[in-house]
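Read off the chains here:
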Amino acid sequence: MEQSVEAMSTIPTNMYEAWNRGDVAGFFADFAEDALFAELEGTIYRSRAEAITAHEALLGTVMKGSRLVRGEVPFARIISPGVGVVHSRVGILMPGEEEPPSTRFSMQLFVVVWRDDRWVVVALENARLLSLETMAALETMA
């Protein structure tokens, strides 16, 4: 395999498909063992194994039956030989829903490195996509 932007851009899609199958190990299959993952509410997982354990509990309870939909990769770039970034966006659809609400879209920034002839995620930050109006409304609740 070659170090291409196209190859690194498939990582989010692989993750969406695994989530939709309920396959937590598959969701993290492209992560390095020592990957860092900053979750949207601030939790930081410091290894692939730690992230898998937490997400098995999540997919077994509050997120059971959820689906990742409308995923896209707005940009991906090799920033130096063997190092790249990927930005993705995706919505979360809960059971019984046909369209996720605008407040349930998130964006992810991946840092990937070339190891063992493939791209692997070494860091990921997951953040909620919120409009300025939604952020202002949330501030009034504090």
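Refer to the structure printed above.
Computed from a prediction, not measured in an experiment: that's the story for all the values here. (Residues numbered from 1 in each chain as written. Predicted model: local features only at pLDDT ≥ 70, side-chain atom pairs only at ≥ 80, totals over all residues. Heavy atoms only, no water.)

### Topic: the sheet that holds strand E3 (residues 67-80)
So, point 1. Pairing within the open sheet is mixed, and its six strands lie in the order E2-E1-E6-E5-E4-E3. With one partner strand each, in any of the chains shown, strand E2 (44-45) and E3 form the two edges of the open sheet.
So, point 2. In this sheet, strand E5 (residues 105-115) lies alongside strand E4 (residues 83-93) in antiparallel orientation, the contact comprising nine bridges. Residue pairing across strands places Ser88 opposite Gln108, the latter belonging to E5.
So, point 3. Sheet contacts for helix H1 (residues 5-21): strand E1 (31-38), E3, E4, E5 and strand E6 (118-128); angle to E3, the most-contacted strand, approximately 155°.
So, point 4. Against the sheet, helix H3 (residues 48-60) engages E1 and E2, with an angle of about 60° to E1. (Pairing = 2+ DSSP bridges. Helix = DSSP H or I, 4+ residues; strand = E, 2+ residues; numbered from the N terminus. Contact = heavy atoms within 4.5 Å. Axes fitted to C-alpha atoms, helices over the stretch in contact; angles between N-to-C directions.)

### Some thoughts on the pattern of salt bridges
So, point 1. Across all of its chains, the model carries six salt bridges by this definition.
So, point 2. The salt bridge partner of Glu97 is Arg104, with a shortest N-O separation of 2.6 Å.
So, point 3. The exposure class assigned to Arg104 is buried, which follows from its relative accessible area of 17%. (Salt bridge = Lys/Arg side-chain N within 4 Å of Asp/Glu carboxyl O. Buried < 20%, exposed > 50% of the residue type's maximum accessible area, 1.4 Å probe, protein only.)

### Section: the pairing of E5
So, point 1. Here ten bridges tie E5 to E6, and the two strands are oriented antiparallel to one another. Residue pairing for E6: Phe110 is matched across the bridge by Leu124.
So, point 2. In this structure, the hairpin formed by E5 and E6 is closed by a connection of two residues, where Asp116 is found at a positive phi of approximately 50°.

### A word on the side chain of Gln108
So, point 1. Position of Gln108 among the secondary structure elements: in strand E5.
So, point 2. Separated by 2.9 Å, the side chains of Gln108 and Ser106 make a polar contact.
So, point 3. There is a polar contact of 2.8 Å between the side chain of Gln108 and the side chain of Asn126.
So, point 4. In contact with Gln108, not counting residues within four places along its chain, are Tyr16, Val86, His87, Ser88, Arg89, Val90, Leu124, Glu125 and Asn126. (Polar contact = N/O pair within 3.5 Å; in protein donor to acceptor, adjacent residues only side chain to side chain.)

### Brief notes about a nonpolar patch on the surface
So, point 1. Residues Leu130, Leu132, Met135, Leu138 and Met141 make up a contiguous nonpolar surface patch of roughly 510 Å² in combined accessible area.
So, point 2. On the basis of relative accessible area, Met141 is assigned to the exposed category, the value being 67%. (Patch = residues over 30% accessible without salt bridge, like charges linked within 9 Å, V, L, I, M, F, W, Y side chains within 5 Å. Areas by Shrake-Rupley, 256 points an atom, 1.4 Å probe, with all protein chains shown as cover.)

### Considerations on the layout of surface pockets
So, point 1. The space that makes up the largest pocket amounts to roughly 360 Å³.
So, point 2. Listing elements by their share of the lining of the largest pocket, those giving two or more residues are H1, H3, E4, E5 and E6. (1 Å grid on protein atoms, 1.4 Å probe; cavity = no way out; pocket = protein on both sides within 12 Å on 5 of 7 lines; lining within 4 Å. Points joined across faces, edges and corners; volume = space filled by probe spheres on them.)

### Considerations on the nonpolar core
So, point 1. Among the nonpolar cores identified, the biggest contains 29 residues, and Phe28 and Phe110 are the most heavily contacted of them.
So, point 2. Those elements that provide at least two residues to this core are H1, helix H2 (24-27), E1, H3, E4, E5 and E6.
So, point 3. Element by element, the count of residues in this core is highest for H1, at seven residues.
So, point 4. If sequence neighbours within four positions are ignored, Phe28 has contacts with Phe37, Arg48, Ala51, Ile52 and His55. (Core = buried A, V, L, I, M, F, W, Y, C linked by side-chain atoms within 4.5 Å.)

Everything listed is a geometric property; what it means functionally is a separate question.
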